[in-house]
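So you can see what is in the structure, the chains are spelled out below.
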Amino acid sequence: MMNYQEVLDFLYTQLPMYQRVGKVAFKKDLTNTLQLSERLDNPHEKFKSIHVAGTNGKGSTSHMIASVLQSAGYKVGLYTSPHLRSFRERIRVNGEEVRESFVSDFVNGNRKFIEEISPSFFEITVVMAFEYFAQEKVDFAVIETGLGGRLDSTNIITPEVSVITSISLDHQDMLGNTLAEIAREKAGIIKAGVPVIVGALPNEALREIRRCADEKKAKLSVPYDSIQDTVYESDLSSEVVRLNLNTVRKSVDELRNQDVTISEEQLIHGIGHVVAQTGLKGRWQMIRKEPLVICDVGHNEEAVVWLMDQIKRIDYNKLHIVWGVAADKSSEKIFPLLIKECEYYFCAAEVPRAMPADRLFAEAGRFGLKGKSYGSVNHAYSTALDRAGAGDLIFIGGSTFVVAEIKDL
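What you are looking at is a predicted structure, and each value in this text was computed from that prediction instead of being measured.

Peer 1: It is not clear to me how empty space enclosed by the protein should be interpreted in this structure. Could you clarify?
Peer 2: Think of a ball as big as a water molecule: rolled over the atoms, this probe shows where empty space is left. Summed over all chains, the structure comprises one cavity of 30 Å³ or more. Put simply, the largest cavity is a space of about 50 Å³. What lines the largest cavity is Trp323, Val325, Lys329, Ser330, Ser331, Ile334, Phe335, Met355 and Leu360. Residues of the lining of the largest cavity, tallied by class, amount to six nonpolar, two polar and one charged.

Encoded structure:
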């Protein structure tokens, strides 16, 4: 029998993991997930769920919906990925991380079958989450897709509501090269007769989502034109709340239509306590005040445009950016979006997919970005802290794994 650390080593080293090795870990059908689930008597059929997909905003939206349901008194499972520090972050019930003992027992109990069918890391963790939620007898589980939708391992559920937060170009090598193609993959989570909520989508993507919803006879709700007058204070960044609030409100309204009791006071409380109730990190998160240090896990074109705009809204003396990326991200598309008037601290996270810091430094130089390369994320961060003066801003980003390694997170 493996202990907890040995189980993690088995999961990380024996099973392909997208965040570490890239698209070779992506399985193009649901066979393994279905086989694993059937072995466990289909735990995903034993609780109600909300399914959340999207290029950006799906993690924040999932946490916000979970927090609202918790504030309404429900027992709520939450499955998200990737994790920042601990594997257990991926699977939560009412904000509490899955127990180490459950993770160990699950893998030890199913190891022979796992070795027989050779699932991916993600396929195993999805079914593990579903089994945990079933055993914990949750009232609802909020399930975030990993990549795409149609072929994502989470897509064996039939939810009460499907949510698609945003659609932009990302992971084109797996999801398609146009917004319509990517929308078609995300729309794969739409189930017959199940209401669909969407965020603000480009017209090309919205047309495809609408077509898919019509085919499945699923009611489609498009964004509100404006936020109501209610002021939502939150322990989550006000900008993150603003981006996702319409989608969350619409999702809550649809649950209310299904006789799920959620008062306006409970909605406000849930939005106000997202971080406290669900443990969300890494979304425009301030981790120091002096000097001001902000981190964010956003890493595709749409996210980077938003991040640079947010940075420009801050009144600072000098800007320092600690930056690292995955090797499969297109520098031709990302680097032109980055602010040039600052000092860069280029680094690589300790994962196989990371672009080496020296290569990142060399490529950035072609786009007029000035700085130096460093041997580790925290060496880059520590140097930025040493050099930052009063009134300066340090931003950390480019990759989820860069943010995850920051010592102050």
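Peer 1: It is not clear to me how the pairing of strand E1 (residues 48-53) should be interpreted in this structure. Could you clarify?
Peer 2: The side chains of a regular strand alternate between both faces of the sheet. Summarising burial for E1: five of the six residues are buried, a large majority. Pairing geometry for E1 and strand E5 (residues 140-144), over five bridges, is parallel. Across the sheet, His51 pairs through a bridge with Ile143, a residue of E5. Here E1 pairs with strand E6 (residues 161-164) via four bridges, running parallel. Across the sheet, residue Ala53 finds its bridge partner in E6, namely Ile164.

Peer 1: Help me understand helix H1 (residues 4-14), please; the structure alone is not making it clear to me.
Peer 2: Helical geometry note: an α-helix holds 3.6 residues per turn, so side chains three or four residues apart project in the same direction. Regarding H1, the residues found buried are Tyr4, Val7, Leu8, Phe10 and Leu11. Looking down the long axis of H1, one finds its buried residues gathered within 155° of arc, a one-sided arrangement. The exposed residues of H1 that point more than 90 degrees off its buried face are Thr13 and Gln14. Buried residues along H1 sit in contact with helix H5 (100-117) and helix H6 (121-136). Capping the start of H1 is the job of one residue whose side-chain oxygen sits 3.2 Å from the backbone nitrogen of Gln5: Asn3.

Peer 1: Looking at this model, I keep getting lost on the packing of aromatic side chains. Mind explaining?
Peer 2: Note on aromatic pairs: each is described by the distance of the centres and the angle between the planes. Enumeration over the complete set of coordinates arrives at 14 aromatic pairs. Taking the centre distance of 5.9 Å and the plane angle of 85° together, the rings of Phe47 and Phe133 count as edge-to-face. Of this pair, Phe47 sits in the loop between helix H3 (31-39) and E1 while Phe133 sits in helix H6, placing them 86 residues apart in sequence. Taking relative accessible area as the criterion, Phe47 reaches 9% and is therefore assigned buried.

Peer 1: For this particular structure, what's the right way to read the nonpolar core?
Peer 2: Most often, soluble globular proteins have nonpolar side chains that are buried together. In terms of nonpolar packing, the biggest core is built from 56 residues, with Ile50, Leu69, Val142, Ile262, Ile271, Trp323 and Tyr344 touching the most fellow members. Looking at this core element by element, the count peaks at six residues for helix H10 (residues 238-257). Setting aside its immediate chain neighbours within four residues, Leu69 contacts Ile50, Tyr74, Val76, Phe140, Val142, Leu255 and Ile262. Among the nonpolar cores identified, the runner-up in size contains 39 residues, and Leu15, Ile114, Ala141 and Ile157 belong to it.

Peer 1: Mind showing me how you'd approach unusual backbone geometry here?
Peer 2: Excluding glycine, a negative phi dihedral is what most residues carry, and trans is how most peptide bonds are arranged. Here the bond from Ser81 into Pro82 is cis, since omega is -10°, no more than 30 degrees from zero. Looking at the element boundaries, Pro82 is found in the loop between strand E2 (76-79) and strand E3 (91-93). Here the amide bond leading from Glu290 into Pro291 is cis, since omega sits at -5°, within 30 degrees of zero. Residue placement: Pro291 occurs in the loop between strand E9 (285-289) and strand E10 (292-295). The phi dihedral of Trp284 falls on the positive side, at around 40°, and the residue is not glycine. Relative to the elements of secondary structure, Trp284 occurs in the loop between helix H12 (274-278) and E9. Relative accessible area serves as the criterion here: at 12%, Trp284 is assigned to the buried category.

Peer 1: For this particular structure, what's the right way to read the packing of H3 against H5?
Peer 2: When two helices pack together, their arrangement is given by the angle between the helix axes and by the axis-to-axis distance. At a minimum axis distance of 11 Å, the contact between H3 and H5 shows a crossing angle of 155°. On the basis of the axis angle, H3 is roughly antiparallel to H5. The two elements H3 and H5 cross, and the hand of that crossing is right-handed. Within the contact between the two elements, H3 uses Asn32, Gln35, Leu36 and Arg39 and H5 uses Gly109, Asn110, Phe113 and Ile117. Grouping the constituent residues of the contact of H3 with H5 by class yields three nonpolar, four polar and one charged.

Criteria and cut-off values
- Residues numbered from 1 in each chain as written.
- Predicted model: local features only at pLDDT ≥ 70, side-chain atom pairs only at ≥ 80, totals over all residues.
- Heavy atoms only, no water.
- 1 Å grid on protein atoms, 1.4 Å probe; cavity = no way out; pocket = protein on both sides within 12 Å on 5 of 7 lines; lining within 4 Å.
- Points joined across faces, edges and corners; volume = space filled by probe spheres on them.
- Nonpolar A, V, L, I, M, F, W, Y, C, P; charged D, E, K, R; others polar.
- Buried < 20%, exposed > 50% of the residue type's maximum accessible area, 1.4 Å probe, protein only.
- Helix = DSSP H or I, 4+ residues; strand = E, 2+ residues; numbered from the N terminus.
- Pairing = 2+ DSSP bridges.
- Arc of directions from axis to C-beta.
- Contact = heavy atoms within 4.5 Å.
- Polar contact = N/O pair within 3.5 Å; in protein donor to acceptor, adjacent residues only side chain to side chain.
- Phe/Tyr/Trp six-rings, centres within 6.5 Å; stacked < 30°, edge-to-face > 60°.
- Core = buried A, V, L, I, M, F, W, Y, C linked by side-chain atoms within 4.5 Å.
- Axes fitted to C-alpha atoms, helices over the stretch in contact; angles between N-to-C directions.
- Parallel < 35°, antiparallel > 145°, perpendicular 65-115°, else oblique.
- Left-handed = near helix turned anticlockwise from the far one by under 90°.

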